[in-house]
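Results of the structural survey
Spelled out, the chains give:
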Amino acid sequence: MAGIGFALRTLVERDDLSARLQGYGHAAIVAAGPWLFTVLALAAFEAATKGVLDREALSRVTALLIYNFSFSLVFSGPIVMVLTRHLADLLYARQAEEVPGVLIGALILLWGIQAPVGIAFVTLVLDLSAAESLLALLGFLVTGGVWLACVFLSALKNYRAISLAFALGMLVAFAAGTYLSPRYGEAGALAGLTLGLAVIFYILLGCILAEYPYGIRNPFGLLPSFRKYWDLACVGLFYNAAIWVDKWVMWLSPDGQSVAPGVITNPSYDSSMFLAYLTIVPALILFLVSIETRFFEQYVAFYRDIQNHATLQRIRQNHKLILSVLGEGIRNIAIVQGIICYLAILVAPGLIGLAKGGIELVSMFRFGVLGAFFHTLLLFAMIVIAYFDLRRILLGVTCLFFASNAILTLAFIPFGAPWTGYGYFLASLLSFAVACLAGIWCITRLPYMTFIANNRGLH
C-alpha cells in the first residue's frame, strides 16, 4: 500500500532541484489533497465573489461545504478503515483483479448509508430551496466518494494524474463558482464547488480503474470483512469523529452562530483550526516520501525473514533496524513539525491579520497549532501501530481521543476566548502520549508479540 511513496521517493532523490520540487508538490497533493482543495478553493472563491455574494450568503455556502466535509468524513470512516485492510489483504494475496469490484461495492455501500441520512437532514433540518437542497446532498455524496477513492491512492503509482485531478478540480470549482454565483446566487456557488469535487472524484476513479484494468467481480466481497475487522470500523468512526467533535461542541456553544435555519457554525473557531491544520502538510510529506517507505522496507524484511525460517540472530537484527528507523523517523518529524509550530506561533498575529481575522483568533490559532503538532505525532503513531495489527490498542486510543477532545473542549468554554482551543491541544497531547507508550511497549517486544502473543497456534 506504500507504492506511491516509493515512486515519489525516487523522484525527490534525483539530483535535480526541479524534480525534487515536483516530488514534494505531488506528495502534498497525495497526502492532503482534499484538505488543500477545501482551503484553497474557499479562499479563491471568496476573493472572486467579493461584492457578488453578501457576507451572510457566503457564510451559508461555506457552512454547507464544512458540513459536507465533516459528516461525510465521519460516515465514510468505518468503511474506509475496513476497505483499507481488505484492499491490503487482496494485494498481498495477489488478487488485484478483485480491486475494481471492491471499489464499486464500497461506493454502493457508502452512498446507500449517506443518501437516506443526507435526504433526511436537508429536508427535515435545513430550510433551503429545492435546488440548494439537491446540490448540498450531491456535494455530501461526492465528498464521501472522494474520501473513499483516497484509500486507493497509496496503492497507485501515477502521482501526476492525482495532482492533475485536484488541480483541475480546484480550477473548475473556482471558474464555475465565479460564473454561476452572479446568476444563481448561493445555488450557483454550491453548484460550482460540487462540480469541482465531482471532477476530482471522477478523475481519481479513472486513475484507479486504469491501474487495475479488470472487470467487476464480487463487488460485495468487502462485507464479510466488517465482521472480521469490526474493531477497525470502530477505529474509523471514532477517529474521524474525534477530528470534528471539538468543532461540533463549539458550534453548539454560546459563541455558535446560526447562519441559516438548521445550520450552526463557529466561524472564529473553525477558521483558526483550519488555518492551524495547514501547518501539518510538510510533516505529512516527510512521512509519505521518506519515513513510511524506509519503515516499510524494514517491516517487510522482518516478516519475510521469519517466513524464510531465518535465524534468531537475523530476526533480532531486523528488529533493531525497525526500532532504529522508527526512532529516527519520529525524531525527524518532531524536529520538522516543531520548527514549523514554533514559527507559526511567532507569526500568529501576522497570519491572522492576513486572513482578516480578529485579535481573539490569535490564541485559538496558537492552541490549534500546538494541538496539530501532537495530532500529527498521534497520526503517525497510529499508522505504525496499525502496521503491526494492534487493533485493540488503536480502538482504545481513538476512543480516548474522541472522549477527551469532546470533554476538554466543553470544559474550557466557560473560560472564554483566551482558552478556546486548549481542549483540543490537551486531548491531542494526552492521546499521543498514550498511543506512543502503548506502541513502544508492543514494538520493543516485537519478536515475543510475533511468536507468542499473536501466535494463534498457542492459544
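For every chain, the first residue of the written sequence is number 1, and numbering continues from 1 onward in sequence order. Whole-chain, interface and lining totals are the exception, using all residues; otherwise, since this is a predicted model, local features are given only for residues with pLDDT of at least 70 and side-chain atom pairs are given and counted only at 80 or more. Side-chain numbers here rest on the full set of heavy atoms in the structure, without hydrogens or water.

All right, on to the overall build of the protein then. Put simply, DSSP marks the helices as runs of H or I at least four residues long and the strands as runs of E at least two long, and each gets a number from the N terminus on. Helix and strand content of the protein: 16 helices and two strands. Here the C-alpha radius of gyration of the protein, 22 Å, is about what a compact globule of 459 residues would show, namely 23 Å. Taken over 459 residues, the protein has a buried fraction of 52%. We call two residues contacting when some pair of their heavy atoms lies within 4.5 Å. Taking the contacts inside the protein whose residues are at least 6 apart along the sequence as the reference set, 79% of them involve residues at least 24 apart. For the protein, the computed accessible surface area is about 20,500 Å², with 67% contributed by carbon and sulfur atoms. The positive charge centre, built from 27 side chains, and the negative charge centre, built from 23, are 10 Å apart in the protein. For a compact globule the rule gives 2.2 Å times the number of residues to the power 0.38, and the radius of gyration it is set against comes from C-alpha atoms. Accessibility here uses a 1.4 Å probe with only protein chains present; expressed as a share of the type maximum, an area under 20% marks a residue as buried, one over 50% as exposed, and anything in between as partly exposed. Using a 1.4 Å probe, accessible areas were evaluated by the Shrake-Rupley method; residue-level cover was limited to the displayed protein chains. Residues scored as charged are limited to Lys and Arg (positive) and Asp and Glu (negative), so that His and the chain ends carry no count. For this purpose, a charge sits on NZ of Lys, CZ of Arg, CG of Asp or CD of Glu.

Attention shifts here to the domain arrangement of the protein. Reported domain spans reflect what an automatic or database domain assignment gives. What the domain assignment reports for the protein is domain 1 (2-251) and domain 2 (267-450). For domain 1 and domain 2, the distance between their C-alpha centres works out to 22 Å. Across the contact, 39 residues belong to domain 1 and 38 residues belong to domain 2. Both sides of the domain 1 and domain 2 interface together cover about 3,400 Å² of buried area, and 75% of this is carbon and sulfur. Put simply, a salt bridge is a Lys or Arg side-chain nitrogen that is within 4 Å of an Asp or Glu carboxyl oxygen. Summed over the shared surface of domain 1 and domain 2, the number is three salt bridges. Residue R391 pairs with D231 through a salt bridge whose shortest N-O separation is 3.1 Å. A 3.5 Å cut-off defines polar contacts: any pair of N or O atoms within that distance qualifies, except that in protein one atom must be a possible hydrogen donor and the other a possible acceptor, and neighbouring residues in sequence count only when both atoms are side-chain atoms. Here domain 1 and domain 2 share ten residue pairs in polar contact (both at pLDDT 80 or more) between them. Among the elements of the structure, α1 (3-12), α2 (17-48), α3 (55-92) and α8 (230-251) are those that each provide at least two residues to the side of domain 1 that touches domain 2. Buried area is calculated as the accessible area (1.4 Å probe) missing from two parts once they are joined, with the contributions of both summed.

Where helix α10 (residues 281-307) meets helix α16 (residues 446-453), the axes come as close as 13 Å, and the angle between the chain directions of the two elements is 40 degrees. In terms of their interaxial angle, α10 and α16 are classed as oblique. Every pair of crossing elements has a handedness; the one defined by α10 and α16 is right-handed. Contacts from F302, Y303 and I306 in α10 reach L446, T450 and F451 in α16. Each residue gets one label: Ala, Val, Leu, Ile, Met, Phe, Trp, Tyr, Cys and Pro are nonpolar, Asp, Glu, Lys and Arg are charged, and the others, such as Gly, are polar. Grouping the constituent residues of the contact of α10 with α16 by class yields five nonpolar, one polar and no charged. Comment: axis = line fitted to C-alpha atoms, over the contacting stretch for helices; angle = value between 0 and 180 degrees taken between N-to-C directions. Angle categories are assigned with fixed cut-offs, so that under 35 degrees is roughly parallel, over 145 is roughly antiparallel, 65 to 115 is roughly perpendicular, and the rest are oblique. Working rule for handedness: look at the near helix, and if it is turned counterclockwise from the far one by less than a right angle, call the crossing left-handed; if clockwise, right-handed.

Close contact between α10 and helix α11 (residues 312-346) brings their axes to 9 Å; oriented N to C, the two are set at 175 degrees. Overall, the two elements α10 and α11 adopt an arrangement that is roughly antiparallel. Considering only residue class, the contact of α10 with α11 consists of 18 nonpolar, six polar and four charged.

Take the confidence of the model for the protein next. Of all residues in the protein, 91% have pLDDT values of 70 or greater, and the mean over the chain is 85. Mean pLDDT in the protein bottoms out at α1, which sits at 66, and peaks at helix α14 (residues 391-412), which reaches 95. pLDDT expresses, on a scale from 0 to 100, how confident the predictor is about each individual residue.

To continue, consider a nonpolar patch on the surface. Residues qualify for a patch when their relative accessible area is over 30% and they have no salt bridge, like charges being joined within 9 Å and the nonpolar side chains of Val, Leu, Ile, Met, Phe, Trp and Tyr within 5 Å. Together, I335, I339, Y342, L343, L346, V347, L351 and L354 make up an exposed nonpolar region whose accessible area comes to about 800 Å². When contributions to the nonpolar patch are tallied by element, the ones reaching two or more residues are α11 and α12 (348-354). With five residues, the top contributor of residues to the nonpolar patch is α11. In this structure, Y342 sits in helix α11.

For soluble globular proteins, the rule of thumb is that nonpolar side chains tend to be buried together. We define a nonpolar core as any set of buried Ala, Val, Leu, Ile, Met, Phe, Trp, Tyr and Cys residues linked to one another through side-chain atoms lying within 4.5 Å. With 133 residues, the main nonpolar core has F37, L148, F152, F295 and F388 as its most contacted residues. Among the elements that line this core, the one with the most residues is helix α13 (residues 361-387), at 17 residues. Counting residues domain by domain, this core receives three or more from each of domain 1 (2-251) and domain 2 (267-450). For F295, the contacting residues outside a window of four places in its chain are I322, V325, L326, V384, Y387 and F388.

A word on the pairing of strand β1 (residues 257-260). Think of it this way: DSSP has to see at least two bridges between two strands before they count as a pair. In this structure, β1 lies alongside strand β2 (residues 263-265), joined through three bridges in antiparallel fashion. Bridged to Q257 within β2 is T265. Between β1 and β2, which pair antiparallel one after the other, the connecting turn spans two residues, and G262 there sits at a positive phi close to 85 degrees.

With that settled, consider unusual backbone geometry. Not every positive phi belongs to a glycine, and R94 is a case in point at roughly 55 degrees. Secondary-structure assignment places R94 in the loop between α3 and α4 (99-124). For D389, which is not glycine, the phi torsion reads 60 degrees and is therefore positive. In this structure, D389 sits in the loop between α13 and α14. According to the relative accessible area criterion, D389 is partly exposed, its value standing at 33%.

Once that is clear, we can look at the environment of W230. Summarising the element assignment, W230 is placed in helix α8. Residue classification places W230 among the partly exposed residues on the basis of a relative accessible area of 40%. Separated by 184 residues in the primary sequence, W230 and E46 place their C-alpha atoms 42 Å from one another. Apart from the residues lying within four places of it in its own chain, the contact partners of W230 are S225, R392 and L395.

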